[in-house]
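# Commentary on secondary and tertiary structure
Okay, here's what each chain looks like letter by letter:
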Amino acid sequence: MAVKTGAETTRTAEPDLAGLEAGLDALDAVQVRRTPLRDVLVRKVLPPVTAVVLVLAVWKLLVVAGVTDDYKLPDPAAVWHSLRELWLRGTLLDIVWTSVSRGLLGFVAALAIGTPLGLLVARVPFVRAALGPVLSGLQSLPSVAWVPAAVIWLGITDAAMYAVILLGAVPSIANGLVAGIDQVPPLYLRAGRTMGATGARGARHVLLPAALPGYLAGLKQGWAFSWRSLMAAELIASSPDLGLGLGQYLENARTDSDMPGVLLGIALILFVGIAIDLIVFSPLERRVLRGRGLAAAR
């Protein structure tokens, strides 16, 4: 039976350590390369464009086949004509900006309220026991249910619009942050306390960065609830004093039995929601994933 000497064991361990160091150096040397423009067009732009073209083609075929009356399903050209008419009158951008500005301002206010609320619920057991079920219930409550109450409380004003947005978005943002904090390994918190990161410093430098993926998911859902809440409020609580937003434009088109205008309003609402996601949240997601070494996942 052969017995390894101490020198032989040392020589055997040296290659293993060298291989480990080489592997760590290789990990450090990995660089995230910028995706070529052609790949971006093929992977990111071509699929949604193809989907839109297919939808328009099926829509046109249904119109040509006469599956229903024209006033129920107008030709795509009629919707395009409505869009062109708004553009030529100079009201298209005003209509879109009226709603987008309200939605963004309401979302920022919801962010300022939902973030500290989520921290309290996640870190204080009594607050969690008291408010956790309430936040979950509010998140499942349709935003449109708040519109009558907000109108009675605040009148048909911008304040009522913002109240509906807050009631719809704050629970989603808070619950997203709570879910993210619940997934933070306890070791991070202990390491932070060891380095003196306690209280507000610990929340800023340890909790929030570690909970960022879940928090970002809550922000995306919060924006979706903000936008949906605002559209519901504009549809129901329409008034000339509020200005013409997308929701009120859609309601006016319904009142006038203008089906091309109705479809145009729906398309514009959908377009804004997709645009905000692509411009704001998708880049944030990619940056967070890249910072965690998951750039290849997006």
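Here is what the cut-offs are and how they apply
Residues numbered from 1 in each chain as written. Predicted model: local features only at pLDDT ≥ 70, side-chain atom pairs only at ≥ 80, totals over all residues. Heavy atoms only, no water. Helix = DSSP H or I, 4+ residues; strand = E, 2+ residues; numbered from the N terminus. Buried < 20%, exposed > 50% of the residue type's maximum accessible area, 1.4 Å probe, protein only. Contact = heavy atoms within 4.5 Å. Areas by Shrake-Rupley, 256 points an atom, 1.4 Å probe, with all protein chains shown as cover. Axes fitted to C-alpha atoms, helices over the stretch in contact; angles between N-to-C directions. Parallel < 35°, antiparallel > 145°, perpendicular 65-115°, else oblique. Left-handed = near helix turned anticlockwise from the far one by under 90°. Nonpolar A, V, L, I, M, F, W, Y, C, P; charged D, E, K, R; others polar. Phe/Tyr/Trp six-rings, centres within 6.5 Å; stacked < 30°, edge-to-face > 60°. Patch = residues over 30% accessible without salt bridge, like charges linked within 9 Å, V, L, I, M, F, W, Y side chains within 5 Å. Salt bridge = Lys/Arg side-chain N within 4 Å of Asp/Glu carboxyl O. Lys, Arg positive; Asp, Glu negative; His and termini not counted. Charge placed at Lys NZ, Arg CZ, Asp CG, Glu CD. pLDDT = per-residue confidence, 0-100. Core = buried A, V, L, I, M, F, W, Y, C linked by side-chain atoms within 4.5 Å. Arc of directions from axis to C-beta.

## Focus: the overall build of the chain
Counting its secondary structure elements, the chain contains twelve helices and zero strands. For the chain, the succession of helices and strands along the chain, N to C, is α-α-α-α-α-α-α-α-α-α-α-α. Each of the 298 residues in the chain was classed as buried or not, and the buried ones make up 33%. In the chain, 70% of the contacts between residues at least 6 apart in sequence involve partners at least 24 apart. Looking at the chain as shown, the accessible area adds up to about 18400 Å², and 67% of this sits on carbon and sulfur atoms.

## Comments concerning unusual backbone geometry
Positive phi, close to 55°, is recorded for Ser257, a residue that is not glycine. Assignment of secondary structure puts Ser257 in the loop between helix H11 (246–255) and helix H12 (259–291).

## Focus on the packing of helix H4 (residues 92–123) against helix H5 (residues 125–140)
Two numbers describe how H4 lies on H5: the axes approach to 6 Å, and their chain directions differ by 120°. It follows that H4 is oblique to H5 by the angle criterion. Remark: the crossing between H4 and H5 carries left-handed chirality. Residues Leu117, Leu120, Val121, Ala122 and Arg123 of H4 form the contact with H5, whose participating residues are Pro125, Val127, Arg128, Leu131, Gly132 and Leu135. Here the contact of H4 with H5 is composed, by residue class, of eight nonpolar, one polar and two charged.

## Focus on the packing of aromatic side chains
Across all of its chains, the model carries three aromatic pairs by this definition. Considering the side-chain rings of Phe107 and Trp223, the 6.1 Å spacing of their centres and the 90° angle between planes classify their relative orientation as edge-to-face. Within this pair, whereas Phe107 is found in helix H4, its partner Trp223 is found in helix H10 (residues 212–236), the two being separated by 116 residues in sequence. In terms of burial, Phe107 and Trp223 fall into one category: buried. Ring geometry for Trp223 against Trp227: centres 5.7 Å apart, planes inclined by 20°, an arrangement best described as stacked. Note that Trp223 and Trp227 are positioned in helix H10 at a spacing of four residues, about one turn of the helix.

## Regarding a positive patch on the surface
Together, Arg43, Lys44, Arg286 and Arg290 give the surface a local cluster of positive charge. Broken down by secondary-structure element, the contributors of at least two residues to the positive patch are helix H2 (37–65) and H12. Tracing the backbone through its elements, the reader meets Lys44 in helix H2. Among the residues examined, Lys44 registers a relative accessible area of 46% and is labelled partly exposed.

## What about the confidence of the model for the chain?
Interpretation of this model should avoid reading the predicted coordinates in detail wherever pLDDT is low. Looking at the chain, pLDDT values average 81 and 79% of them are 70 or higher. When mean pLDDT is taken per element in the chain, helix H3 (residues 76–89) scores highest with 93 and helix H1 (residues 6–29) scores lowest with 48. In the predicted structure, residues 7–15 sits below a pLDDT of 50 and forms three contacts with residues beyond four places in sequence or in another chain. The model gives residues 26–30 a pLDDT under 50, and that stretch makes zero contacts with residues more than four places away or in other chains.

## Description of the nonpolar core
By size, the foremost hydrophobic cluster in this structure holds 54 residues, and its most contacted members are Ile181, Leu219, Trp227, Leu246, Val272 and Phe281. Per element, the largest residue contribution to this core is eleven residues, and it comes from helix H7 (residues 158–182).

## Description of the side chain of Ser229
Mapped onto the secondary structure, Ser229 falls in helix H10. On the basis of relative accessible area, Ser229 is assigned to the buried category, the value being 0%. What Ser229 contacts, discounting residues up to four positions off in sequence, is Ser143, Val164, Ile165 and Gly168.

## Looking at helix H6 (residues 146–154)
Since the α-helix packs 3.6 residues into each turn, any two residues three or four apart lie on the same face. For H6, every residue scored as buried is listed here: Trp146, Val147 and Ala150. One face of H6 carries all of its buried residues, which in axial projection span an arc of 95°. Looking at the buried residues of H6, the elements they touch are H5, H7 and H10. Gly155 sits one or two residues past H6 and shows a positive phi near 80°.

## Some remarks on the side chain of Arg102
Structurally, Arg102 can be placed in helix H4. Sequence-distant contacts of Arg102, defined by excluding residues within four places in its chain, comprise Asp158, Met161, Tyr162, Ile165, Leu230, Glu234, Leu242 and Gly243.

## Topic: the packing of H3 against H4
Across the interface, H3 lies against H4 with an axial gap of 6 Å and an inter-helix angle of 95°. In terms of orientation, H3 and H4 fall into the roughly perpendicular class. On the side of H3, the interface is formed by Leu83, Leu86 and Trp87, while H4 contributes Leu92, Leu93 and Ile95. A class-by-class count of the residues in the contact of H3 with H4 yields six nonpolar, no polar and no charged.

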